[in-house]
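Spelled out, the chains give:
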Amino acid sequence: MAHKKHPVIIVGGGPAGAAAAMYLLRQGIIPVILERARHPRYHVGESLTGATSLALKDLGLGPKIEAQNYPIKHGAVFYGPDGKNDFWVELVRRNEKFEQVPNYTWNVMRSTFDKILFDGAVERGAIWMEATAIAPLLKDDSVVGLTIRTPEGATDNLYSDVVIDASGISTFLANQRVTGKKVPGRSDKQIGLFTQFANTIRDNGDDRRHQPGNTLLYYQAKHHWGWFIPVSEELTSVGIVVKTDYFKKAGLSKEDFMLRECRQMTPALSERLPDLSPQEPINAIPNFSYRVMNYTGKGFLCVGDAHRFIDPIFAYGVYFGIQEAQFAATAVSKYLAGEIKTNGNPFAEYERLCDEGNDVVEDTIGVLWEYPLAFQRIVTWRDRAAALDVLSGRIYGEEGAKNPARIAMRKLMAAKEKEWAEEASVRAAKSEPELASALG
Ligand SMILES: Cc1cc2nc3c(=O)[nH]c(=O)nc-3n(C[C@H](O)[C@H](O)[C@H](O)COP(=O)(O)OP(=O)(O)OC[C@H]3O[C@@H](n4cnc5c(N)ncnc54)[C@H](O)[C@@H]3O)c2cc1C
């Protein structure tokens, strides 16, 4: 099989890779998935958006996911620094009459959740190879396949019409310099620390806001926050995100730091954690925010974390992976059917579409950090319905561009970008004479 040419090889069988395989199979294309790990495997990223639950049902995975009895999420509660000034953002969807109606999703154990997606792809006909992609095969300016390494250490070449990079934070094609540069994102220089705890205290009220499966978010200061995500009857994922400098200054191990923050950050969190015995090793991911430029080209495209990760606060990660997988499958099947006529990059339109959605989310998150009061005003009052559309993934095309909440957030972030640019030019002007005097 190794020397046969495949229409599509997907690097990575996480949510983005598995969803890409399922969408391709719908179009009659049988992909190979290269996945180096065996599912189930631990992964962070347990809170799903409402749009993700709709996509999962559309993929026919609803019954398998329901059978896991994952906690049901109706929305997220944001707690302010004093633990009191909280507000609630509910999940909604648009029905056939375009009315906004309540929606729900799941907070999941990624080990079992990712396995459901991966098995779904393989059961439907995707070919899984347990192997690591180690280098691209290039001909002129095209990717024509991959060199892979098997778990036994053997290497081989696989040929393809298209490589889909769904390698997540490993950003395989970017590291191999097939794409443009990988640059830091706006939420760079931060670190996320996380584990799971048992015996946590959850809400248990009658209304949607007080349901036990909801996500709770604790805003302490700019880029200093925590999450509380019930992932099973027994376990709750808890995470703390802080600036890397703040973590380093504390001079503590990641374990001690995480437990200190769980105790001290805010009583609104600590009072829910009577038992601080970690049920998973305390993990840390630094510098998780980045963007890969020019992530499509002849013979390749990137999906999900393989090209961009903005900030975990609104739990868009898995959503982007699955949504972009659908866009990618459409673009690839058109390309293989000869419907995209170009001598240049056949996936430029796919890249433009993905950027559009990512930019909306980057602005939304940017407003939360830069203008928290304006954010609360837009989301809970001024443009509430429009903001709920953005948060439910209606961020592409005209619908995204004409959304009043999106327009308001863009204006705010354009003003902030201008301020940043002015600050940068003042810094550059200052450093020029310094440089001149240093050079004598
Ligand atoms: C602190 C933090 C908190 C987060 N919280 C949330 C959240 O609450 N909700 C949410 O939706 N998202 C969250 N995310 C983001 C989420 O984890 C990711 O966006 C999501 O997992 C991306 O899916 P993916 O399929 O692109 O990548 P992944 O899920 O990482 O899958 C990539 C797969 O590729 C495989 N792979 C990599 N390289 C190779 C190779 N060379 N050869 C073969 N296989 C390879 C890996 O083994 C892996 O299985 C969070 C992220 C961080 C950092």
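Structural notes, computed from the coordinates. Bear in mind the structure is a predicted one, so any value in this text is a computation, not a measurement.

Spatially, 7 strands are ordered S5-S4-S15-S16-S17-S14-S18 in an open sheet, and the strand pairing comes out mixed. With one partner strand each, in any of the chains shown, strand S5 (87-90) and strand S18 (283-286) form the two edges of the open sheet. Between one strand and the next, the sheet's axes are offset by a mean angle of 20°, whatever the strand orientation. Pairing geometry for strand S4 (residues 75-79) and S5, over 4 bridges, is antiparallel. Residue pairing for S5: Phe-78 is matched across the bridge by Phe-87.

This part is about the pairing of strand S12 (residues 155-165). In this structure, strand S1 (residues 5-11) lies alongside S12, joined through 6 bridges in parallel fashion. Bridging from a neighbouring strand, His-6 pairs with Ser-160 of S12. Both strand S11 (residues 142-149) and S12 contribute to a ladder of 5 bridges, which runs antiparallel. Bridging from a neighbouring strand, Arg-149 pairs with Thr-155 of S12. Between S11 and S12, which follow one another and run antiparallel, lie 5 residues, and Gly-153 among them has a positive phi close to 100°. Note: S12 against strand S21 (residues 300-302), 3 bridges, orientation parallel. For Val-163, the partnering residue across the bridge sits in S21 and is Phe-300.

Here we take up the pattern of salt bridges. When the charged atoms of two side chains lie near each other, side chains of opposite charge can form a pair. Under the definition given, this model contains 31 salt bridges. The salt bridge partner of Lys-298 is Asp-141, with a shortest N-O separation of 3.3 Å. On the criterion of sequence distance, the pair formed by Lys-298 in the loop between strand S20 (296-297) and S21 and Asp-141 in the loop between strand S10 (132-139) and S11 is long-range, its members being 157 residues apart. The partly exposed category is assigned to Lys-298, whose relative accessible area is 27%.

Another point: helix H7 (residues 254-264). Residues of H7 that are buried: Phe-257, Met-258, Leu-259, Glu-261 and Cys-262. Looking at the buried side of H7, the elements it contacts are strand S14 (190-198), strand S16 (224-230), strand S17 (235-243), helix H6 (244-250) and helix H8 (267-270).

Among the 31 residues in the neighbourhood of the ligand, the closest are listed as Glu-35, His-43, Ser-47, Asp-305 and Val-318. One of the side-chain N or O atoms of His-43 is found 2.8 Å from an oxygen atom in the ligand. For the ligand, an oxygen atom lies 2.9 Å from a polar atom in the side chain of Arg-110. Calculation on the ligand without its partners gives an accessible area of 1000 Å², and the protein chains cover 95% of this total. Broken down by secondary-structure element, the contributors of at least two residues to the shell around the ligand are helix H1 (15-26), S10 and helix H9 (317-336). Across the shell around the ligand, the residue classes tally to 14 nonpolar, 11 polar and 6 charged.

Take the packing of H1 against helix H4 (residues 110-123) next. The geometry of a pair of packed helices is captured by two quantities: the angle between their axes and the separation between those axes. H4 packs onto H1 with a crossing angle of 25° between their chain directions and a minimal axis gap of 8 Å. Put simply, H1 runs roughly parallel to H4. Where H1 crosses over H4, the handedness of that crossing is left-handed. In contact with Pro-15, Ala-18, Ala-21, Met-22 and Leu-25 of H1, H4 contributes Arg-110, Asp-114, Leu-117, Phe-118, Gly-120 and Ala-121. Of the residues that constitute the contact of H1 with H4, the class distribution is 8 nonpolar, 1 polar and 2 charged.

Before going further, it helps to spend a moment on the layout of surface pockets. Quantified by volume, the second largest pocket comes out at close to 330 Å³. In this structure, the second largest pocket is lined by 19 residues; those nearest its centre are Tyr-319, Gln-323, Ser-392, Gly-393 and Arg-394. At 5 residues, helix H2 (residues 50-58) tops the list of elements feeding residues into the lining of the second largest pocket. In terms of residue class, the lining of the second largest pocket is made up of 8 nonpolar, 6 polar and 5 charged. Residues from two domains meet in the lining of the second largest pocket; each of domain 1 (5-71 + 107-185 + 291-356) and domain 3 (371-427) gives at least three.

Relative orientation of the contacting elements H2 and H9 amounts to 40°, with a least axis distance of 9 Å. As far as their axial angle goes, H9 and H2 are oblique. For the element pair H2 and H9, the recorded crossing hand is left-handed. In this structure, H2 uses Ala-51, Thr-52, Ala-55 and Leu-56 to contact H9, whose residues at the interface are Val-318, Tyr-319 and Ile-322. Partitioned by chemical class, the residues of the contact of H2 with H9 number 6 nonpolar, 1 polar and no charged.

Moving on to the state of the cysteines. All told, the structure shown has 0 disulfides when counted by the stated rule. Free of any disulfide, Cys-302 has its nearest cysteine sulfur in Cys-354, 9.9 Å distant.

The rules we used
- By convention here, each chain's residues receive numbers from 1 onward along its written sequence.
- With the structure being a predicted model, the display of local features is reserved for residues of pLDDT at least 70 and the display and counting of side-chain atom pairs for 80 or more, all residues being used for whole-chain, interface and lining totals.
- Each side-chain value is derived from all of the structure's non-hydrogen atoms; neither hydrogens nor water enter the calculation.
- At least two DSSP bridges between two strands are needed for those strands to be called paired.
- Comment: elements are numbered from the N terminus, with helices defined as DSSP H or I runs of at least four residues and strands as E runs of at least two.
- Each axis is a line fitted through C-alpha atoms, taken for helices only over the stretch in contact, and angles between the N-to-C directions span 0 to 180 degrees.
- Salt bridge, as used here, is a side-chain nitrogen of Lys or Arg placed within 4 Å of a carboxyl oxygen of Asp or Glu.
- Whether a residue is buried, partly exposed or exposed follows from its accessible area with a 1.4 Å probe, protein chains only, as a fraction of its type maximum: under 20%, in between, or over 50%, in that order.
- Any two residues having at least one pair of non-hydrogen atoms within 4.5 Å are treated as being in contact.
- Being near a molecule or strand, for a residue, means having at least one of its heavy atoms within 4 Å of it.
- The definition of a polar contact used here is a pair of N or O atoms within 3.5 Å, where within protein one atom must be able to donate a hydrogen and the other to accept one, and adjacent residues in sequence count solely through side-chain atom pairs.
- Residue burial considers only the protein chains on display, and all accessible areas are found by Shrake-Rupley using a 1.4 Å probe.
- Residues are grouped as follows: Ala, Val, Leu, Ile, Met, Phe, Trp, Tyr, Cys and Pro are nonpolar; Asp, Glu, Lys and Arg are charged; all remaining types, including Gly, are polar.
- Every angle not falling under 35 degrees, over 145, or within 65 to 115 is termed oblique; those three ranges are roughly parallel, roughly antiparallel and roughly perpendicular.
- Should the near helix be turned anticlockwise from the far one by less than a right angle, the crossing is termed left-handed; should it be turned clockwise, right-handed.
- A 1.4 Å probe that fits but cannot get out identifies a cavity on a 1 Å grid over protein atoms alone, an open set with protein on both sides within 12 Å along at least five of seven lines counts as a pocket, and a residue lines either if it has an atom within 4 Å of a point.
- Grid points are joined across faces, edges and corners, and a volume is the space filled by probe spheres set on the points.
- Source of the domain bounds: an automatic or database domain assignment.
- Pairs of cysteine sulfur atoms within 2.5 Å are what we label disulfides.

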